[in-house]
Amino acid sequence: MVPTPSPPEEDAGLRRFLGVFRYSRRAVELVWSTSRLLAIVLALATLIAGLLPAAAAWVGKLIVDAVVAATETSGGDLGPALRFVAFEALIVATLAAASRVIVTCQSLLRAQLGQRVNEMILEKALTLDLRAFEDAEFYDKLTRARREASSRPLSLVTKTFGLLQNSLALTSYAVLLAGFSLWAVVLLLVAGLPAFLAETKFSGDAFRLFRWRSPETRKQMYLETVLAREDYAKEVKINRLGPLLLERYRAIFEELYAEDRKLTLRRSVWAFGTGLVGTAAFYGAYAWVAASTIRGTLTLGEMTMYLLLIRQGQASVGAILTAIGKMYEDNLYLSNLYEYLEQEREQPLGHATQGTKPGSGLVFDDVSFRYPGAQRNALANVSFELRPGVALALVGENGSGKTTLVKLLARLYQPTGGRIVLDGTNLRDWDETALQQRIGVIFQDFSRYQFLAGENLGAGDVRHFGDEERWRAAARKGLAAPFLEQLPDGYRTQLGKWFKDGQEISGGQWQKVALSRAFIREQADIFILDEPTAAMDAEAEAQVFEHVRNLTADRMTLLISHRFSTVRMADRILVLHDGRIVEDGSHDELMDASGRYAHLFELQAAGYR
């Protein structure tokens, strides 16, 4: 007779349930690679803790029978009973030691493993392309991975060892209990199934709730940042945003809590109901053993042992089934970690360390680019050349594509059309490190690191992060030396207010720090200045740009600024509009053309009249 196949949905459900356990092996490998010694000690202690409870039950039976035998004989010998008591005491002490070793190993592994997983998450972040950090779905993955995954590997391994321990204990209980009846063993196993099935279902529900709430959780985290960070504090206080944002924070919690409450209540009701099934099974077996003892089938010692075996066996069955359910839940959460860690990244594109035509400069050849998910191009058919010794300025309204062009030049993104060529070689064929060492860049939204002042400069070239001589040279080039040297500890002064003794500096000073950071790369021959002096007054900006032009006279300079008084000092100006170059020439040429540049220049100049 051909067996009837399971319904497809049942097969799919079973495959999902079994398939999710594929992360158990990876969790064990992770723990093993974190500390082999602790993993071995934990395994041995688990083995001991699994075998000793049945031995204690068996010795307990010998004690009762020895006591009964001694009382039934006049002048009975107490020696056997006392020896069994001493033996049981030794077993219990050993079991306590094994339990303590397990707890200690778990505690030490928890600290090491939490650090290891967090390092893996951060290491992965370092390998990802910029587009990942501009994608909301990526942040959902990162949030899910960081919130639970650092504790789940150890939890999974702990449950695995616990499963082994309880399986060993249950096997030994079953061997002894089979001497009474095989049906008692079957009853022991079946009574725990309802609780297992209910727990597994609710573990899946909890995981789906966890994934659903990731965006809302990130919103809460962002609101915490806005309400508690110094870089937001001024506007929050002046605009009295605090109560409004706090209320929004509470509303998100209430929405999430409502779902948690419903799941918790349903879980509790089912747990109580399935617990009653287990209780009924235990007392049914209790009555069965008691009746057998009254009929003379069992001795008092055997009755004591079997009752203990049934109670402990039932606890082991419950622990095993709960462990499997929790392992299922841990595997679900670990899928978040490995979904993040296995996120694909673009492989390094090239290995060239110099171009085929050294000194020929930079060429944008019909370059287009569209951001993932965007409806239109951020850049469209952009073509221009930049030769050594030339300063090129980009002009255009916000959103015209200026910063996108800079990201493409720094190879933070790849063009979706056309090509960028440096010294005769396509930018995608350059070795990433060699290319980046040739570029000194200050972004409009440059980072204000809460580091030492000198380290803020050294961040521009990790090879010289702690090189004080390079700090000083870069600070002189970036015009930051005069005020940095006046700080309490000079270049070793802590900047920012996040840490003890931190010193805050002005926005204009921060921009000079960022400019100096770009100059720490002494071999750089491409300088990108994206709104480098927005926090300075017009006179200071003009002085800075003239100083930069003198320092980069034989290099390529790309300048983005909204101040035409500075832009006019560039050798050549490109005017961008809707991602396209609409004008190209020197200041005088563009003014004579009376086009878009001239119009924008006159608008700005009118504000100073």
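None of these values were measured; they are calculated from a predicted model.

Here we come to the overall build of the protein chain. Looking only at helices and strands, one finds 22 helices and 10 strands in the protein chain. Residue pairs at least 24 apart in sequence account for 75% of intrachain contacts in the protein chain once pairs closer than 6 positions are excluded. Taken as a whole, the protein chain presents about 31500 Å² of accessible surface, with 57% of it coming from carbon and sulfur.

This brings us to the packing of aromatic side chains. Per the stated rule, a full pass over the model turns up 8 aromatic pairs. Seen from their ring centres, Phe 364 and Phe 384 are 4.6 Å apart, and the 15° between their planes marks the pair as stacked. Here Phe 364 is found in strand β1 (residues 362-369), whereas its partner Phe 384 is found in strand β2 (residues 379-386), with 20 residues between them in sequence. Accessibility classification places Phe 364 together with Phe 384 in one group, the buried group. An aromatic cluster of three or more residues is present, and its members are Phe 369, Tyr 371 and Tyr 413.

By the element assignment, Gly 460 lies in the loop between α15 (453-458) and α16 (468-477). Relative accessible area serves as the criterion here: at 10%, Gly 460 is assigned to the buried category. Counting along the chain gives 54 residues from Gly 460 to Ala 514, while the straight-line C-alpha distance between them is 8.6 Å. Non-local contacts of Gly 460, meaning those with residues more than four positions away in its chain, are made with Arg 517, Ile 520 and Arg 521.

Next up on the list: the pattern of salt bridges. Here the structure, examined in full by the defined rule, presents 12 salt bridges. Note that Asp 525 and Arg 438 form a salt bridge whose closest N and O atoms lie 2.6 Å from each other. You can see Asp 525 sitting in the loop between α18 (507-519) and β7 (526-530) and its partner Arg 438 sitting in the loop between α14 (432-437) and β6 (439-442), a full 87 residues away along the chain. Note that Asp 554 and Arg 555 form a salt bridge whose closest N and O atoms lie 3.9 Å from each other. Accessibility expressed as a relative area gives 56% for Asp 554, which makes it exposed. Salt bridges sharing common partners tie together Glu 468, Arg 472, Glu 485 and Arg 492.

Formed by 39 residues in total, the largest nonpolar core has its most connected members in Ile 121, Leu 334, Leu 337, Tyr 338 and Tyr 340. Take this core: its biggest share by element is 10 residues, from helix α12 (residues 300-341). Residues in contact with Tyr 340, not counting those within four places in the same chain, are Ile 121, Lys 124, Ala 125, Leu 128, Phe 138, Lys 141, Leu 142 and Ala 145.

Not every positive phi belongs to a glycine, and Leu 479 is a case in point at roughly 65°. Structurally, Leu 479 is set in the loop between α16 and α17 (481-484). Located in the positive-phi region is Ser 594, a residue other than glycine, with phi close to 55°. The residue Ser 594 is located in the loop between α21 (587-593) and α22 (596-606) in this model. Among the residues examined, Ser 594 registers a relative accessible area of 59% and is labelled exposed.

Right, let's talk about the sheet that holds strand β5 (residues 425-426) for a bit. Adjacent strands of a sheet pair through backbone hydrogen bonds, lying either parallel or antiparallel. Ordered by their spatial adjacency, 4 strands build an open sheet running β2-β1-β4-β5, and the pairing between neighbours is antiparallel. Of all the strands in the sheet, just β2 and β5 have a single pairing partner and so form its edges. Where β1 lies against β2, 5 bridges are found, and the strand directions are antiparallel. Bridge pairing in β2 places Val 367 opposite Val 382.

Turning our attention to the pairing of strand β3 (residues 391-395). Counting buried residues along β3, 5 of its 5 residues qualify, which places the element largely inside the surrounding structure. Where β3 lies against strand β8 (residues 556-560), 4 bridges are found, and the strand directions are parallel. Note on β8: the bridge partner recorded for Ala 393 is Leu 559. In the sheet, β3 pairs with strand β9 (residues 572-577) via 4 bridges, with the strands oriented parallel. From the neighbouring strand, Leu 394 faces β9, where its bridge partner is Leu 574.

A few words on a nonpolar patch on the surface. Residues Trp 183, Val 186, Val 190 and Trp 288 make up a contiguous nonpolar surface patch of roughly 420 Å² in combined accessible area. Mapped onto the secondary structure, Val 190 falls in helix α7 (residues 182-190). The class of Val 190 is partly exposed, set by a relative accessible area of 47%.

Between helix α4 (residues 79-127) and helix α6 (residues 152-177), the shortest axis-to-axis distance is 9 Å and the interhelical angle comes to 150°. Taken together, the axes of α4 and α6 lie roughly antiparallel to each other. Contacts from Ile 102, Gln 106, Leu 109, Arg 110, Leu 113 and Val 117 of α4 reach α6 at Pro 153, Leu 154, Thr 158 and Gln 165. Along the lines of polarity and charge, the residues of the contact of α4 with α6 split into 6 nonpolar, 3 polar and 1 charged.

Let us now look at the sheet that holds β9. Here 6 strands make up an open sheet; going across it, the order is β6-β7-β8-β3-β9-β10 and the pairing mixed. Edge positions in the open sheet fall to β6 and β10 (580-585), since each of these has one partner strand only. Here the average twist between neighbouring strands, direction ignored, is 15°. Sheet analysis places β7 next to β8, joined by 5 bridges and oriented parallel. Directly across from Asp 530, in β8, lies its bridge partner Ile 560. Relative to β8, helix α13 (residues 402-409) is tilted by about 150°, and along the sheet it contacts β3, β6, β7, β8 and β9. Where α18 meets the sheet, its contacts fall on β6 and β7, and the angle it forms with β6 comes to roughly 170°.

Mapped onto the elements of the fold, Asp 423 is located in the loop between β4 (417-422) and β5. Residue class for Asp 423 comes out buried when judged on its relative accessible area of 5%. Sequence-distant contacts of Asp 423, that is, excluding residues within four places in its chain, are made with Gly 355, Thr 356, Lys 357, Pro 358, Gly 359, Ser 360, Gly 361, Trp 430 and Arg 438.

Thresholds applied
Residues numbered from 1 in each chain as written. Predicted model: local features only at pLDDT ≥ 70, side-chain atom pairs only at ≥ 80, totals over all residues. Heavy atoms only, no water. Helix = DSSP H or I, 4+ residues; strand = E, 2+ residues; numbered from the N terminus. Contact = heavy atoms within 4.5 Å. Areas by Shrake-Rupley, 256 points an atom, 1.4 Å probe, with all protein chains shown as cover. Phe/Tyr/Trp six-rings, centres within 6.5 Å; stacked < 30°, edge-to-face > 60°. Buried < 20%, exposed > 50% of the residue type's maximum accessible area, 1.4 Å probe, protein only. Salt bridge = Lys/Arg side-chain N within 4 Å of Asp/Glu carboxyl O. Core = buried A, V, L, I, M, F, W, Y, C linked by side-chain atoms within 4.5 Å. Pairing = 2+ DSSP bridges. Patch = residues over 30% accessible without salt bridge, like charges linked within 9 Å, V, L, I, M, F, W, Y side chains within 5 Å. Axes fitted to C-alpha atoms, helices over the stretch in contact; angles between N-to-C directions. Parallel < 35°, antiparallel > 145°, perpendicular 65-115°, else oblique. Nonpolar A, V, L, I, M, F, W, Y, C, P; charged D, E, K, R; others polar.

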